[in-house]
Amino acid sequence: MEQYKNEILPGTLNLMVLKTLSALGSLHGYGIARRIEQISGDQIQLNQGTIYPALLHLEQMGWISSKWGVSENNRRAKYYSITWAGKKQLAAEEESWRRASDIMIRFLEPSEENT
Amino acid sequence: MTWLRVLVQRLRGLFLKRKLEQELEDEIRSHLEMQIEDNLRQGMSLEEAQRAARLKFGGVEQVKEAYRDKSRFVWIESLWQDLRFGLRNLRKRPGFLLFAILTLALGIGANTAIFSVANAVLMQPLPIKDGDRIVELRSFSPRDPIPGGIPYPEYLELRKRVAEYVDLFGIADDHLVLGASGDGNNTAVDSEAEELHSLLVTGNYFSALGGNALLGRTLTPEDDQAIGAHPVVVMSHGFWQRRFGAAPDIVGRTILIKGLAFTVVGVAEAGFTGAERRAPDVWAPLLMHDQFKRGDNRLTPHGPSPHVMGRLRPGVSLRQAGAAVELAFSQLERRNSRFGPDHQIKLYQASPHSWEDRQAVTIAASAVLGAATLVLLIACLNVAGLTLARMATRQREIAVRLSLGASRGRVLRQLFNEGLLLSSMGGLAGLLLSRWMTSALSFVMGGDGPNIALDWRVMAYTLGISMLTAVVIGLLPAWQTTRFDLIPALKQEGAGFNLRASRFPLRSMLVVGQIALSLVLLLGAGLFGRTILHMMTIDPGFEPKNLTTVRFNFGAPGSPHYDETRAAQFQRDLHERLVATPMVKDVVWASRGPLRVEPIENPRDSIRYGLDVEGRTFKVHQDGAGEVAVAEIRQFTRGPDGKLSMKEEEINFASHNEVSPNYFAVFGIPLLYGRTFTEQETRDEAAVVVINEALQRRHWPGENPVGKSIWAGFGIKEIIGVAKDNRLLNAQNKPFIYQPLPLKNGRLGLEPIVRSDASPGALAATLRTTIQSLDPKLQIEVRQFSEQLKDMFRFLLLGTSLASLVGVIALALVVIGLYGVTSFVVLQRTHEIGVRMALGAQATDVMRLVMRQGLRLVIIGVAIGLLISALAMRVLDAALFGISPTDPLTFGAISLLLGLVALLACWIPARRATKVDPLVALRCE
């Protein structure tokens, strides 16, 4: 069954990463990618590799920090965690997303008020 | 602030490149391994697991690229790469490198030098503390291109309204006043009287310009209260030392100016010159203006019209203040009829140079800069052409790059960067060259020239034109070069870059462009040259050798004092004595010398005149009291002093001279209509004028205007004659109004011109004795008229030489360019030439083959050049004299010259082509 997968909207990847890290604490790149897949229920089509430039960008902006560590399989991996500034950014972006989607939903809902 | 953070990170990435790459490598490997493990756990085989992992990950190289782009400044790295590569390339061809840098240095250097000079003169602020905060106000009317001052009442109003932006102060035109520094009843200064150079200023002048008093006080706003109520002066340091021997008790003493005692209240500190280049003798309050007015001050009948300057308030920019001033001005009631509705006001940064000087420099610099830009363009085209030729040998290299996956944009960028490298080196060399040129110029001009420093504007300008140069020499060839078929190029066949494939390859177009531009430059120089020649050989209508002028130095130290009455008497006596002298044929008096070299008119030399609505005779009648009244003419007003004024809208401007009746005869100016003044008219200062042809053409073309009336010099005058235009004396063919010059008002600055057949030496001696018999102590200067003419020509000759030099440089560049192109063509077609010769072609056939290409380019180039010139030279119409801007002789001769030189440049390599050994040629590819 070919499901119709949405392409990931640009800019939302950052939000997803921040949210993931905020919810799950410290994760390595692979873990973040897997988690995003899981949450979206495999509804989005993501080239996992694109997460790395995104992580770099988030780190440059100071919203996440990184540290080399050892994974559960004794593998060397880079772990990322959200920073305090990142938490603020997340809250701000969440808010604007909710507002935007509220407006959109209101438009798309058929109701007498809207006709 | 995040951008700063990102910047820092990226810089860090630049330096830790390898470490970051390694880390990313590790991360990705780790990621893939983890994915593979998970896949295995889900039951896939190892192969499936690996494949699935890679698929899910996406392209590793793409990810790495994206990462790299973000982690550092990739463009810096590629730039650095390109530069290193370019440098290596250039080192392999030292001849090309040297030539390119030299050519570019010349072009850029010349431009920068001219710009530096203009920048120094135009942008130089006043040499006082915070001198760049001082501004000046100029009022313009479209019909009078000379900016004037602001009448005093308007000045006060304006000052109030813009007070928060700028602190305005006023300065009245320098007045050369004859003052008797007599004594009166105060401590005597000296019994010898002399001339005083005084500057009338408003009370805040000193505070605005930061001038302090060495002794006593400076002028303050208290001295600004009422007209004529402040007989005080501040002395300049130099005057105090020179004239009063630095007397310590100078404060409180008086000096007499035109009979009124002025108290000296202070001495300015040493070195303070205010807003001028040289300090006056004294500063006096502006409201004492009446006291300083010259006897018959025709220029300012309504009271002082000071030249207004100001100091910007802290934090206010020139633009803000300018807008405020313009707004306030437009809101002013135009009480004063001196301002018409189309008068404008503008604020400028003050400069130690006069307005006229600055205008002259602007015009001259623009013209020369225009020519220099053309030369730079030609130089760029030259280098571009040669670069293009070299590109042909790099086809293979570029083809390889393109086939390996480099985008065309990347290759273009690389070629552009190489051009940038070249132009930067050229620009640097040009900057050095320009410094050398400007120091040579400063040396030639002596210490009086402006300080031509290297400031940011000059650097920015150099950078700018270097960039533009880079675009021309980098992009132009690059664009052409990356557009060809890959496969034949890889195989290195000539077909990849086929000369015959396109009729007008870029390289040829470059040469055509060069030829056209050089033609324009050479034509400009040629036209100027012929103008000069014409001016020098024209029959002036009089014999310059027979004319001598005398200048009186009334104000020199040690000279006796002359006030206006005494000067008038002196001139009358001198006139009588000279007329009685046997060797003197004629004595002509004029208020200004007939020869004018400056392109900009001195404001004192123009006169306002007007006509009635229909341009015909005024309706005048006498009323009962015998007064001439003006009836039915709406555009007149009678001013408070009883003088007739015309409304501003109707006023025109003409050049002006006051002359004795024999002026026209002596200077060989025939009168087309009417007659010159009579002696009686001159003595009585009758209301008559003589106009010149240009004026007549302007208002009464084809008619005889004698008998018509014209309002000029604040009165209605009758036209009694029309003088023919004399292009030598009136090179710009301005309209002229001549008024009779009575010798009674004693205006100083009158120079008698003496005509005589005697030898100059004898005449000079006679003049001296005659003058000395009247006044033994008066210093005079005797000058030959022909000397003045020579001076005028010298100035024009300089201009022509400069233009010719530029033209010659352009020509040289064209020759080199053409030679290069033709040589290259020969090189490319060696194989073909060999074949032809083997098949029986003669030397002449080969010559014709090669020359035909060159000839075609030359013809096209000359044609385009002629077309451009026909349009462009019209711009010079005002400056040319005696020939039309599209003079066929000049055009023809120059075109021929250029054509011949260009053909020669083609001929030499063509001749080389005939020497080709067919066997060698056939073997070479």
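Residues numbered from 1 in each chain as written. Chains lettered and ligands numbered in written order. Predicted model: local features only at pLDDT ≥ 70, side-chain atom pairs only at ≥ 80, totals over all residues. Heavy atoms only, no water.

J.: Please clarify how the overall build of chain A should be interpreted in this entry.
T.: Tallying secondary structure elements over chain A gives 4 helices and 5 strands in all. Tracing chain A from N to C terminus, the helices and strands come up as β-α-β-α-β-α-β-β-α. A total of 115 residues make up chain A; the buried ones form 40% of that total. In chain A, the share of contacts with a sequence separation of at least 24, taken over all contacts with a separation of at least 6, comes to 50%. Counting every atom, chain A has about 7200 Å² of accessible surface; 54% of that belongs to carbon and sulfur. (Helix = DSSP H or I, 4+ residues; strand = E, 2+ residues; numbered from the N terminus. Buried < 20%, exposed > 50% of the residue type's maximum accessible area, 1.4 Å probe, protein only. Contact = heavy atoms within 4.5 Å. Areas by Shrake-Rupley, 256 points an atom, 1.4 Å probe, with all protein chains shown as cover.)

J.: Would you explain the overall build of chain B in this entry?
T.: Scanning chain B from terminus to terminus reveals 27 helices and 27 strands. Each of the 925 residues in chain B was classed as buried or not, and the buried ones make up 49%. Of the contacts formed within chain B by residues at least 6 apart in sequence, a portion of 81% connects residues at least 24 apart.

J.: Explain the packing of aromatic side chains to me, please; I cannot follow it from the model alone.
T.: The description of two aromatic rings rests on the distance between their centres and on the angle between their planes. Residue and element names in this part refer to chain B. For the structure on display, the rule yields 12 aromatic pairs over all chains. For the ring pair Phe169 and Tyr205, a centre distance of 5.7 Å and an interplane angle of 90 degrees mean the geometry is edge-to-face. Here the residue Phe169 occupies a position in strand S3 (residues 166-171), and Tyr205 occupies one in helix H8 (residues 205-209), the gap between them amounting to 36 residues. The exposure classification of Phe169 matches that of Tyr205, with both residues buried. Both rings, one in Phe664 and one in Tyr738, keep their centres 5.0 Å apart while their planes meet at 85 degrees; by these two values the pair is edge-to-face. (Phe/Tyr/Trp six-rings, centres within 6.5 Å; stacked < 30°, edge-to-face > 60°.)

J.: What's the story with the nonpolar core in this structure? I'm lost.
T.: Grouped burial of nonpolar side chains is what soluble globular proteins tend to show. Residue and element names in this part refer to chain B. Among the nonpolar cores identified, the biggest contains 62 residues, and Ile378, Leu422, Ile473, Ile515, Leu521, Leu818 and Leu898 are the most heavily contacted of them. In this structure, Leu818 is in contact with Val511, Ile515, Val858, Ala902, Ala905 and Cys906, ignoring residues within four places of it in sequence. With 58 residues, the next largest nonpolar core counts Val233, Trp240, Ala268 and Leu286 among its residues. (Core = buried A, V, L, I, M, F, W, Y, C linked by side-chain atoms within 4.5 Å.)

J.: So what exactly am I meant to see when it comes to helix H11 (residues 318-331) of chain B here?
T.: For an α-helix, the turn length of 3.6 residues means that residues three or four places apart are oriented alike. Residue and element names in this part refer to chain B. Taking 1.5 Å per residue, 14 residues should reach 20 Å; H11 reaches 20 Å between its end C-alpha atoms and fits that length. The set of residues buried in H11 consists of Ala321, Gly322, Ala324, Val325, Ala328 and Phe329. Along the long axis of H11, the arc covered by the buried residues comes to 165 degrees, so they all point the same way. (Expected span 1.5 Å × (residues − 1). Arc of directions from axis to C-beta.)

J.: What is the right way to read the pairing of strand S7 (residues 232-235) of chain B from this model?
T.: If a strand is regular, its side chains alternate between the two faces of the sheet. All names here are of chain B. Judged by which residues are buried, S7 turns out to be covered on both faces: Val232 and Val234 on one side and Val233 and Met235 on the other are all buried. Pairing analysis gives 4 bridges linking S7 to strand S9 (residues 260-268), with the strands arranged parallel. Along S9, the bridge assignment pairs Met235 with Val267. (Pairing = 2+ DSSP bridges.)

J.: Can you walk me through empty space enclosed by the protein in this structure?
T.: Empty space among the atoms becomes apparent when a probe as large as a water molecule is rolled across them. All names here are of chain B. Across all of its chains, the model carries 5 cavities of 30 Å³ or more by this definition. Taken as a whole, the largest cavity encloses approximately 150 Å³ of empty space. As for the largest cavity, its lining consists of 15 residues, and the residues nearest its centre are Leu90, Thr387, Arg390, Glu418 and Gly419. Of the residues forming the lining of the largest cavity, the biggest block, 5 residues, is contributed by helix H14 (residues 408-445). Taken together, the residues that form the lining of the largest cavity break down as 7 nonpolar, 5 polar and 3 charged. (1 Å grid on protein atoms, 1.4 Å probe; cavity = no way out; pocket = protein on both sides within 12 Å on 5 of 7 lines; lining within 4 Å. Points joined across faces, edges and corners; volume = space filled by probe spheres on them. Nonpolar A, V, L, I, M, F, W, Y, C, P; charged D, E, K, R; others polar.)

J.: What am I meant to see in the interface of chain B and chain A here?
T.: When the parts come together, some accessible area is lost, and that loss is often what is quoted as the size of the interface. In this complex, chain B contributes 25 residues to the contact, which on the side of chain A involves 26 residues. The junction of chain B with chain A conceals about 2400 Å² of combined surface from both sides, 54% of it contributed by carbon and sulfur atoms. Broken down residue by residue, the surface that chain B buries against chain A is led by B:Glu27, B:His31 and B:Met34, which jointly contribute 26%. Our enumeration of links across chain B and chain A arrives at 6 salt bridges. In this structure, the salt-bridge partner of B:Glu37 is A:Arg75, at a minimum N-O distance of 2.8 Å. For the side of chain B that touches chain A, the element with the highest residue contribution is helix H2 (residues 17-41) of chain B, accounting for 11 residues. When the residues that make up the side of chain B that touches chain A are grouped by side-chain class, the tally is 8 nonpolar, 7 polar and 10 charged. (Buried area = accessible area lost by both parts, 1.4 Å probe. Salt bridge = Lys/Arg side-chain N within 4 Å of Asp/Glu carboxyl O.)

J.: Help me understand the sheet that holds strand S4 (residues 64-70) of chain A, please; the structure alone is not making it clear to me.
T.: The pairing of strands in a sheet comes from backbone hydrogen bonds and takes either a parallel or an antiparallel form. Read from one edge to the other, the open sheet built from 3 strands follows the order S2-S5-S4 (chain A), with strand pairing classed as antiparallel. Strands at the two margins of the open sheet, each flanked by one partner only, are strand S2 (27-28) and S4 of chain A. The pairing of S2(A) with strand S5 (residues 76-82) of chain A spans 2 bridges and is antiparallel. What sits directly across from A:His28, in S5(A), is A:Tyr79. Sitting on the sheet, H2(B) touches S2, S4 and S5 of chain A, and the angle it makes with S5(A) is about 100 degrees. (Axes fitted to C-alpha atoms, helices over the stretch in contact; angles between N-to-C directions.)

J.: Sorry if this is basic, but what is going on with the environment of B:Asp82 here?
T.: Residue and element names in this part refer to chain B. One can find Asp82 in helix H5 (residues 74-92). In this structure Asp82 comes out as buried when scored by relative accessible area, which is 3%. Sequence separation of Asp82 and Leu415 is 333 residues, and the distance between their C-alpha atoms is 8.0 Å. At 2.7 Å, the side chain of Asp82 forms a polar contact with the side chain of Asn417. (Polar contact = N/O pair within 3.5 Å; in protein donor to acceptor, adjacent residues only side chain to side chain.)

J.: Would you take a moment to explain the environment of B:Gly228 for this structure?
T.: Residues and elements named next belong to chain B. By the element assignment, Gly228 lies in the loop between strand S6 (213-216) and S7. Relative accessible area serves as the criterion here: at 45%, Gly228 is assigned to the partly exposed category. Residues in contact with Gly228, not counting those within four places in the same chain, are Leu287 and Met288.

J.: Can you walk me through the packing of helix H1 (residues 12-24) of chain A against helix H3 (residues 51-60) of chain A in this structure?
T.: How two helices pack is summed up by the angle between their axes together with the distance between the axes. Residues and elements named next belong to chain A. Two elements in contact, H1 and H3, have axes separated by 10 Å at closest approach and are oriented at 75 degrees. The angle between H1 and H3 places the two elements in the roughly perpendicular class. Contacts from Leu13, Asn14, Val17 and Leu18 of H1 reach H3 at Ile51, Ala54, Leu55, His57 and Leu58. For the contact of H1 with H3, the residue count by class is 7 nonpolar, 2 polar and no charged. (Parallel < 35°, antiparallel > 145°, perpendicular 65-115°, else oblique.)

J.: How should I be thinking about the environment of B:Ser71 in this particular structure?
T.: Summarising the element assignment, B:Ser71 is placed in helix H4 (residues 60-71). Here B:Ser71 falls in the buried class, since its relative accessible area comes to 3%. For the pair B:Ser71 and B:Lys17, spaced 54 residues apart in sequence, the C-alpha separation works out to 8.6 Å. If near-sequence neighbours (up to four positions away) are discounted, B:Ser71 is found in contact with A:Leu56, A:Gln60, B:Gln9, B:Arg10 and B:Gly13.

J.: Please explain the pattern of salt bridges as it appears in this structure.
T.: Side-chain pairing between opposite charges can occur once the charged atoms of the two side chains come close. Scanning the entire structure with this criterion turns up 28 salt bridges over all chains. B:Asp249 is the salt-bridge partner of B:Arg253, the closest N and O atoms lying 2.9 Å from each other. You can call B:Asp249 partly exposed: its relative accessible area is 44%. The structure contains a network of salt bridges with shared partners spanning A:Arg34, A:Glu37, A:Arg75, B:Glu33, B:Glu37, B:Asp38, B:Arg41 and B:Lys56.

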